[in-house]
2 protein chains.
Amino acid sequence: MSHDILILTETELRKAVHLDTQVVETVEQAFAALGTGKVIMPPILSMAIAEANGEVDVKTAYIPGFEGFAIKVSPGFFDNPKIGLPSLNGLMILFSAKTGLVQAVLLDNGYLTDVRTAAAGAVAAKHLAPQKVETAGVMGTGVQARLQIEAAHLVRPFERVLVWGRNPEKAQACANDIAVKLGIEASAESDPARLVAESQLVVTTTPAEEPIFKAEWLHPGLHVTAMGSDQEGKNEIEPRALVDADLYVADRVSQCEKLGELRSAVHAGVWTGAKPTELGEIVQGKQGRVDADQVTLCDLTGTGAQDTAIATFALSTAREAGAGSITKS
Amino acid sequence: MSHDILILTETELRKAVHLDTQVVETVEQAFAALGTGKVIMPPILSMAIAEANGEVDVKTAYIPGFEGFAIKVSPGFFDNPKIGLPSLNGLMILFSAKTGLVQAVLLDNGYLTDVRTAAAGAVAAKHLAPQKVETAGVMGTGVQARLQIEAAHLVRPFERVLVWGRNPEKAQACANDIAVKLGIEASAESDPARLVAESQLVVTTTPAEEPIFKAEWLHPGLHVTAMGSDQEGKNEIEPRALVDADLYVADRVSQCEKLGELRSAVHAGVWTGAKPTELGEIVQGKQGRVDADQVTLCDLTGTGAQDTAIATFALSTAREAGAGSITKS
């Protein structure tokens, strides 16, 4: 039986969805739902294609009350830049949660993933960073370095940004972009220890496989969001930092213990504590930061619930704008 | 960076892909590749949405030498018929195996799955059924009952078909459809024991959760393909039949022990043998049936390799025909 499917291109999705407070609220709702324990979110399907230096991940989640659920396919082919293509691509498909029929195909080439990933950083900062953040630091110089700072600024309007990267020129370029985008002071900082010392909020956004953030850098009144690790081999944060912090929070424990900073800490024998708190539980009201001096650390691996939330939001705004083309199938 | 994506609808795909010997050969190639052990095929991602009586499965596989890999999403929402919609739907997405870019979106609503599932039955019959099949029996009266017989007829041109189903009217309708489609004798048979006794090839195509095929019905010169079980709760074949047969063959052992007839046989404590042979190994030349009197049984759960093969074939034939619409994304 024929039904309508809305096809949306990256260009149309970039017009329909921006990294703003509405998107942060949408992703916050996804975490709130995760916090109720009623979201159905199966383990990530992952396939590596070694001979092409590529991998593909598939995520999904059903959030009760949402009309649809997304299936998100994220290929990462890391030799692409050699031929002028981005490493990360992919699409989302939105299905009716009542009939399973395809509602929309979102050919976003990874754009919606970029946005929902940054928005999760804002949710973490909103609920865990100290109320007053004057300086934010970011480690890494890629797309997420820029977007994480932009997102965090929506919930903590800091006045200064420090950027560290292995490549000083890229760090400077990233700082310049941030300064222009947010109209605030932003500069490259060659010493990561100094970056952390001067910041109340630090976001790590690298694909590091050895820690780039030392536990000894933790200081009172610091919040750290680590969002780079989303694969087994990755590790940005020195494991001891997870227990030295007053509060460690996972976006999803079952994912973080396989793919996040928690994996490295468990593997190193450092994490021996109880089941960590999840970000969704904090959004739901579980105690997070108790005073301005605490040290908090949030581990983000990226959840299918965020994908379902952003895809639902994108379809809704695109429909309102009359964007996209309808295919009968 | 913008690139071309071909969007194909069910109507276009039904014109481009038919259940014929070319499709059977395509799916046979997928099994041959599986038999080499070089295919990368991760476990199925599966999510149940109990409150909608729905589920969704995601399958994929990378076959070396194929330009692309498919991600197949199959929702099954079993209350759909109450509102006039089919239970099974879904789509396939074909990605470049070199760059991960989306090449094509195949909005087939499950059509390609129907075809590649029936084609796997033909591959099983080609390699395992006795050379001479005069009568074929089918248990079940749905889409796959018709397609499995149509596919098997391509490799064993039998002259007579018997159809058994719980509902005699549906069995008669199915027999009528088969008679018209293949131009041969086809009739409903109310006694499943007699159906099996008179057949050299039997295909079971039901969603049964308790065996509908008794081990005592096995007889010399019989081949059985069981393709109904693809979920944990399903079971068509009495477990003892798997060991009573001279040869039990799985499409993929790792799937059959979770989702197929093998699961029930292991669970019942009946299967205690070595690792079963896989269909791909037989296609690659491993010994299958040794004489006309043996009893063989093939357990099909459906593999991502079949999806990658049929999607690649569909894209190729659709391109040749100039079908579909191109979207820039």
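All of these numbers come straight from a predicted model, not from anything done at the bench.

**Considerations on the sheet that holds strand 10 (residues 201-204) of chain A**
All names here are of chain A. Within the open sheet, the 8 strands sit side by side as 9-8-7-10-11-14-12-13. Their pairing is parallel. Strands with a single pairing partner mark the edges of an open sheet, and in this sheet they are strand 9 (185-188) and strand 13 (277-278). Both strand 12 (residues 247-250) and strand 14 (residues 296-299) contribute to a ladder of 4 bridges, which runs parallel. Across the sheet, the residue bridging to Leu247 is Thr296, located in strand 14. Lying over the sheet, helix 3 (residues 111-128) contacts strand 10, strand 11 (223-226), strand 12 and strand 14, oriented at roughly 160° with respect to strand 11. Where helix 5 (residues 168-182) meets the sheet, its contacts fall on strand 8 (160-164) and strand 9, and the angle it forms with strand 9 comes to roughly 175°.

**Side note on the side chain of A:Thr117**
Residues and elements named next belong to chain A. Tracing the sequence through the fold places Thr117 in helix 3. A polar contact of 2.6 Å, which involves the side chain of Thr117, links it to the backbone oxygen of Thr113. Among all residues touching Thr117, those that are not within four sequence positions of it are Gln144, Gln148, Met227 and Gln306.

**Here we look at the pairing of strand 5 (residues 91-96) of chain B**
Residue and element names in this part refer to chain B. Most of strand 5 is tucked away, with 6 of its 6 residues classed as buried. On strand 5, burial covers both faces: Leu91, Ile93 and Phe95 on one face and Met92, Leu94 and Ser96 on the other are all buried. With 6 bridges connecting them, strand 4 (residues 68-77) and strand 5 associate as antiparallel partners. Of the residues in strand 5, the one forming a bridge with Lys72 is Met92. Where strand 5 meets strand 6 (residues 102-107), 4 bridges bridge the pair, whose relative direction is antiparallel. Note that in strand 6 the partner of Phe95 across the bridge is Val102. Linking strand 5 to strand 6, which pair antiparallel, is a turn of 5 residues; within it Gly100 sits at a positive phi near 75°.

**A closer look at the pairing of strand 4 of chain B**
Buried residues dominate strand 4 of chain B, accounting for 9 of its 10 residues. Between strand 3 (residues 54-61) of chain B and strand 4 of chain B, which pair antiparallel one after the other, the connecting turn spans 6 residues, and B:Gly65 there sits at a positive phi close to 95°.

**A look at the relation of the copies chain A and chain B**
Turning chain A through 180° and shifting it by 0.0 Å along the axis lays it on chain B, with an RMSD of 0.0 Å. Such a turn and shift between the copies fits a two-fold axis. Residues of chain A ranked by C-alpha distance from the rotation axis are headed by A:Leu45, positioned 2.9 Å from it. Both copies present the same face, since 100% of the interface residues in chain A are matched by interface residues at the equivalent positions in chain B.

**Some thoughts on the interface of chain A and chain B**
Taken together, the contact between chain A and chain B spans 47 residues of the former and 47 residues of the latter. Carbon and sulfur atoms supply 75% of the area buried between chain A and chain B, which totals about 3800 Å² over both sides. On inspection of chain A and its partner chain B, the count reaches 0 salt bridges. On the surface where chain A and chain B come into contact, there are 4 residue pairs in polar contact (both at pLDDT 80 or more). Elements with a contribution of two residues or more to the side of chain A that touches chain B: strand 1 (4-9), strand 2 (45-49), strand 3 (54-61), strand 4 (68-77), strand 5 (91-96), strand 6 (102-107) and strand 15 (325-328) of chain A.

**Overview of the domain arrangement of chain A**
All names here are of chain A. Per the domain assignment, the segments making up chain A are domain 1 (4-113 + 305-328) and domain 2 (119-303). For domain 1 versus domain 2, the separation of C-alpha centres amounts to 24 Å. The partner domain 2 presents 25 residues to the 23 residues of domain 1 that form the contact. At the boundary of domain 1 with domain 2, the tally comes to 1 salt bridge. Across the pair Lys126 and Glu28 runs a salt bridge whose closest N-O atoms are separated by 2.9 Å. At the level of elements, helix 2 (21-36), strand 3 and helix 11 (304-320) are the ones that each hand at least two residues to the side of domain 1 that touches domain 2. Ranked by residue count, the leading element in the side of domain 1 that touches domain 2 is helix 2, at 11 residues. Each residue belonging to the side of domain 1 that touches domain 2 can be placed in one class, and the counts come to 13 nonpolar, 4 polar and 6 charged.

**A short note on unusual backbone geometry**
All names here are of chain B. Despite not being glycine, Asn53 has its phi angle at roughly 50°, a positive value. Its location among the elements puts Asn53 in the loop between strand 2 (45-49) and strand 3. When its relative accessible area of 35% is taken as the criterion, Asn53 is described as partly exposed.

**Quick look at the confidence of the model for chain A**
Put simply, chain A has an average pLDDT of 96, and 100% of its residues get 70 or more. The ipTM, which scores confidence in the relative placement of chains, is 0.92 for this predicted complex, and the corresponding pTM is 0.94.

**Focus: the pattern of salt bridges**
One pass over the structure, following the stated rule, counts 29 salt bridges over all chains. The salt bridge involving A:Arg252 is made with A:Glu278; its shortest N-O contact spans 3.5 Å. With a gap of 26 residues between them, A:Arg252 in the loop between strand 12 and helix 8 (253-259) and A:Glu278 in strand 13 connect regions that are remote in the sequence. The class of A:Glu278 is buried, set by a relative accessible area of 8%. The salt bridge involving B:Lys328 is made with B:Asp4; its shortest N-O contact spans 2.9 Å. Note that B:Lys328 is positioned in strand 15 (residues 325-328) and B:Asp4 in strand 1 (residues 4-9), a separation of 324 residues in sequence. The class of B:Lys328 is exposed, set by a relative accessible area of 53%. Look at B:Asp4 and you get partly exposed, because its relative accessible area is 39%.

**Notes on the packing of helix 2 of chain A against helix 11 of chain A**
Residue and element names in this part refer to chain A. Running from N to C, helix 2 and helix 11 point in directions that differ by 140°, and their axes come no closer than 9 Å. When the axis of helix 2 is compared with that of helix 11, the two are oblique. The two elements helix 2 and helix 11 meet at a crossing, and its hand is right-handed. In this structure, helix 2 uses Gln22, Val23, Thr26, Val27, Ala30, Phe31 and Leu34 to contact helix 11, whose residues at the interface are Ala305, Gln306, Ala309, Ile310 and Phe313. Tallied by class, the residues present in the contact of helix 2 with helix 11 amount to 9 nonpolar, 3 polar and no charged.

**Here's the deal with the nonpolar core**
Of all hydrophobic cores here, the largest spans 73 residues; its most connected members are A:Val17, A:Leu106, A:Leu112, A:Phe158 and A:Leu279. It is helix 3 of chain A that provides the largest number of residues to this core, a total of 11 residues. Beyond its immediate sequence surroundings of up to four residues, A:Phe158 is in contact with A:Val133, A:Glu134, A:Thr135, A:Ala136, A:Ile149, A:Ala152, A:His153, A:Ile184 and A:Leu201. With 72 residues, the next largest nonpolar core counts B:Leu8, B:Met92, B:Ala120 and B:Leu147 among its residues.

**Considering helix 3 of chain A**
In a regular helix each residue adds 1.5 Å, so 18 residues correspond to 26 Å; helix 3 of chain A covers 26 Å between its end C-alpha atoms and thus fits that length. The buried count for helix 3 of chain A comes to 15 of 18 residues, which makes it a mostly enclosed element.

**Observations regarding the sheet that holds strand 3 of chain B**
Residue and element names in this part refer to chain B. Strand order in this open sheet of 7 strands is 2-3-4-5-6-1-15, and the pairing throughout is mixed. The open sheet has two edge strands with one neighbour each: strand 2 and strand 15. For this sheet the average axis-to-axis angle between neighbouring strands, irrespective of direction, equals 15°. The sheet strands contacting helix 3 (residues 111-128) are strand 3, strand 4, strand 5 and strand 6, and the helix crosses strand 4 at an angle near 105°.

Definitions and limits used
- Residues numbered from 1 in each chain as written.
- Chains lettered and ligands numbered in written order.
- Predicted model: local features only at pLDDT ≥ 70, side-chain atom pairs only at ≥ 80, totals over all residues.
- Heavy atoms only, no water.
- Pairing = 2+ DSSP bridges.
- Helix = DSSP H or I, 4+ residues; strand = E, 2+ residues; numbered from the N terminus.
- Contact = heavy atoms within 4.5 Å.
- Axes fitted to C-alpha atoms, helices over the stretch in contact; angles between N-to-C directions.
- Polar contact = N/O pair within 3.5 Å; in protein donor to acceptor, adjacent residues only side chain to side chain.
- Buried < 20%, exposed > 50% of the residue type's maximum accessible area, 1.4 Å probe, protein only.
- Least-squares fit on C-alpha atoms with pLDDT ≥ 70 in both.
- Buried area = accessible area lost by both parts, 1.4 Å probe.
- Salt bridge = Lys/Arg side-chain N within 4 Å of Asp/Glu carboxyl O.
- Domains from an automatic or database assignment.
- Nonpolar A, V, L, I, M, F, W, Y, C, P; charged D, E, K, R; others polar.
- pLDDT = per-residue confidence, 0-100.
- Parallel < 35°, antiparallel > 145°, perpendicular 65-115°, else oblique.
- Left-handed = near helix turned anticlockwise from the far one by under 90°.
- Core = buried A, V, L, I, M, F, W, Y, C linked by side-chain atoms within 4.5 Å.
- Expected span 1.5 Å × (residues − 1).

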